[in-house]
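Here is what each chain is made of, one letter per residue.
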Amino acid sequence: MSDIRAVVFDIGNVLVGWQPELFFDSQIGAERRKRLFDEVDLNGMNLAVDRGAPFADSVRNVAAQHPSWAKEIMLWHDGWSHMFAPVIDANVALMRGLRAQGMPVFALSNFGCETFALACETHPFLTEFDQSYISGHLGVLKPETEIYEILEKQSGVLPQNLFFIDDKPENIEAATARGWLGHVFEHPDALKRDLGKHGLSVEA
């Protein structure tokens, strides 16, 4: 019998790939992309969106601040759905399999309000979570303590009964410091083995 009472999924690079660098490489070449990312803090812009800043306005404002890169910067907005790809089918099947067994599944993700809505339109399985904790709606980001506290309080699940899957070690470290079980995602097979060690098994 498992002590897990809910499985918590990150979204980017756990259920769907998040690969801005690969997308920009395909559009402007690796060398220009490296220059762009060195000269313009696109990841900082994205974190601000994940904290709740408006998506289109944020991209336009950064483009206006860097006119020599404006066209390329606007690709962050216009090509967003191509950066958020591909679907990691094995993990989507795992999420659905857990839920079919009666295990609550939650989302805990750094995501902008508008980009999360767009993601749900593109990938309707993102609407299937029992509860979703999205940074843009909450105004806090992983690995900040507050976002984990919010999930605990609103879900009513004790830390020791939460199993969290994220691709970033620092996000898992912040959760396990609170008593959560954690898995740094690298491959679906390793994830399934780890869940199995905790008494959860989902057949293909």
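Structure shown above.
Residues numbered from 1 in each chain as written. Predicted model: local features only at pLDDT ≥ 70, side-chain atom pairs only at ≥ 80, totals over all residues. Heavy atoms only, no water.

1. Some details on the sheet that holds strand β5 (residues 181–184)
Inference 1: If you trace the five strands from one edge of the open sheet to the other, you get β3-β2-β1-β4-β5, paired in parallel fashion. In this open sheet, the two edge strands, each paired with only one partner strand, are β3 (131–134) and β5. Across the sheet, the mean angle separating the axes of adjacent strands is 20 degrees when strand polarity is ignored.
Inference 2: As defined by bridge partners, strand β1 (residues 6–9) adjoins strand β4 (residues 162–166) across four bridges and the pair is classed as parallel. Counterpart to Ala6 in the pairing with β4 is Leu162.
Inference 3: Sheet strands touched by helix α7 (residues 89–100): β1 and β2 (105–109). Its angle to β1, the strand with the most contacts, is close to 155 degrees. (Pairing = 2+ DSSP bridges. Helix = DSSP H or I, 4+ residues; strand = E, 2+ residues; numbered from the N terminus. Axes fitted to C-alpha atoms, helices over the stretch in contact; angles between N-to-C directions. Contact = heavy atoms within 4.5 Å.)

2. Let's talk about unusual backbone geometry
Inference 1: Looking along the chain, the bond that leaves Ala85 and enters Pro86 is cis, with omega of -5 degrees.
Inference 2: With respect to the element layout, Pro86 can be found in the loop between α6 (80–83) and α7.
Inference 3: Pro143 follows Lys142 through a cis peptide bond whose omega is 5 degrees.
Inference 4: Topologically, Pro143 is positioned in the loop between α9 (135–138) and α10 (145–155).
Inference 5: The backbone phi angle of Asn13 is positive, close to 70 degrees, even though this residue is not glycine.
Inference 6: Mapped onto the fold, Asn13 is located in the loop between β1 and α1 (20–28).
Inference 7: Relative accessible area serves as the criterion here: at 25%, Asn13 is assigned to the partly exposed category. (Buried < 20%, exposed > 50% of the residue type's maximum accessible area, 1.4 Å probe, protein only.)

3. Points about the side chain of Asp50
Inference 1: Relative to the helices and strands, Asp50 resides in helix α3 (residues 42–50).
Inference 2: Although Asp50 is buried, it makes no salt bridge; Lys168 carries the closest opposite charge, 7.4 Å away.
Inference 3: Setting aside anything within four residues of it in sequence, one finds Asp50 in contact with Asn110, Phe111, Gly112, Ser135, Gly136 and Leu141. (Lys, Arg positive; Asp, Glu negative; His and termini not counted. Salt bridge = Lys/Arg side-chain N within 4 Å of Asp/Glu carboxyl O.)

4. Here's the deal with the environment of Asn43
Inference 1: Checked against the element boundaries, Asn43 lands in helix α3.
Inference 2: Look at Asn43 and you get partly exposed, because its relative accessible area is 38%.
Inference 3: Expressed as a C-alpha distance, the spacing of Asn43 and Pro20, which sit 23 residues apart in the sequence, is 9.3 Å.
Inference 4: Ignoring sequence-local partners within four residues, the contact set of Asn43 consists of Glu21, Phe37 and Trp76.

5. Some points on α1
Inference 1: Inspection of α1 places Pro20, Phe23, Phe24 and Ile28 among the buried residues, and these make up the whole buried set. Along α1, the residues classed as buried sweep out an arc of 105 degrees about the axis, all on the same side. Residues of α1 that are exposed and point over 90 degrees away from its buried face: Leu22 and Ser26.
Inference 2: If you follow the buried residues of α1, they end up packed against α2 (30–39), α5 (70–78) and α6. (Arc of directions from axis to C-beta.)

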